[in-house]
Amino acid sequence: MTKLELFYKDVCPYCQKVFRFIDKYELRDKITFTNISSNPADKDRLIEVGGSVQVPCLFIDDKPMYESSDIIEYLKNNFVK
């Protein structure tokens, strides 16, 4: 099974776009959510592994994917039937 972790900030409109898609297709149970505003260590991990503080960032088996449209396209192609 693919490990998915979404790094986000509540105030980010691009993150909200991804959340709307996730909620529409009921995908919350497939993804771990990490709010980088809540814990400085999570923000540091995003920068260390992903190389950027940009959100949203979906880690797919620990490999980062940026850009809300790319994340939605990935989820659509792999998890929406």
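Computed from a predicted model, the values in this text were never measured in an experiment. (Residues numbered from 1 in each chain as written. Predicted model: local features only at pLDDT ≥ 70, side-chain atom pairs only at ≥ 80, totals over all residues. Heavy atoms only, no water.)

As for the overall build of the chain
- When helices and strands are tallied, the chain shows three helices and four strands.
- In the chain, the succession of helices and strands from N to C terminus is β-α-β-α-β-β-α.
- Radius of gyration (C-alpha) of the chain: 12 Å, near the 12 Å computed for a compact globule of 81 residues.
- Along the longest, intermediate and shortest principal axes, the C-alpha atoms of the chain span 35 × 25 × 20 Å.
- Taking all 81 residues of the chain together, the buried fraction comes to 38%.
- Residue pairs in contact within the chain that sit at least 24 positions apart in sequence constitute 57% of those at least 6 positions apart.
- Here the chain displays about 5,100 Å² of accessible surface, and carbon together with sulfur accounts for 48% of that area.
- Of the charged side chains in the chain, 12 are positive and 13 negative, and the gap between their average positions amounts to 5 Å. (Helix = DSSP H or I, 4+ residues; strand = E, 2+ residues; numbered from the N terminus. Rg over C-alpha atoms; globule rule 2.2 N^0.38 Å. Buried < 20%, exposed > 50% of the residue type's maximum accessible area, 1.4 Å probe, protein only. Contact = heavy atoms within 4.5 Å. Areas by Shrake-Rupley, 256 points an atom, 1.4 Å probe, with all protein chains shown as cover. Lys, Arg positive; Asp, Glu negative; His and termini not counted. Charge placed at Lys NZ, Arg CZ, Asp CG, Glu CD.)

Description of the packing of helix α1 (residues 13-24) against helix α3 (residues 68-79)
- The geometry of α1 relative to α3 is characterised by a closest axis approach of 9 Å and an angle of 15° between their N-to-C directions. Here α3 runs roughly parallel to α1, going by the angle between their axes. Here α1 and α3 pass one another in a crossing that is right-handed. Each of Tyr-14, Lys-17, Val-18, Phe-21 and Ile-22 in α1 lies in contact with α3, whose residues at this interface are Ser-68, Ser-69, Ile-71, Ile-72, Leu-75 and Lys-76.
- When grouped by side-chain class, the residues that make up the contact of α1 with α3 number seven nonpolar, two polar and two charged. (Axes fitted to C-alpha atoms, helices over the stretch in contact; angles between N-to-C directions. Parallel < 35°, antiparallel > 145°, perpendicular 65-115°, else oblique. Left-handed = near helix turned anticlockwise from the far one by under 90°. Nonpolar A, V, L, I, M, F, W, Y, C, P; charged D, E, K, R; others polar.)

Remarks on the pairing of strand β1 (residues 4-8)
- Summarising burial for β1: five of the five residues are buried, a large majority.
- The pairing of β1 with strand β2 (residues 32-35) spans four bridges and is parallel. Looking at β2, one finds that Glu-5 is bridged to Thr-32.
- Note on the crossover from β1 through α1 to β2: the handedness is right-handed. (Pairing = 2+ DSSP bridges. Right-handed = clockwise from strand over helix to strand, strands pointing away.)

Overview of the sheet that holds strand β4 (residues 63-66)
- Ordered in space as β2-β1-β3-β4, the four strands form an open sheet in which the pairing is mixed. Looking along the sheet, the strands with just one partner apiece sit at the ends: β2 and β4. Taken pair by pair, the neighbouring strands of this sheet meet at an average axis angle of 25°, ignoring direction.
- Of the strands in this sheet, β1, β3 (57-60) and β4 are in contact with α3, which crosses β4 at around 115°.

With respect to unusual backbone geometry
- Residue Pro-56 is bonded to the preceding Val-55 through a cis peptide linkage, with omega at 0°.
- For Glu-26, which is not a glycine, the phi torsion comes out positive at approximately 55°.
- In this structure, Glu-26 sits in the loop between α1 and β2.
- With a phi angle near 70°, Asp-62 is a residue other than glycine that sits in the positive phi range.
- Along the chain, Asp-62 turns up in the loop between β3 and β4.
- Assessed through its relative accessible area of 44%, Asp-62 is described here as partly exposed.

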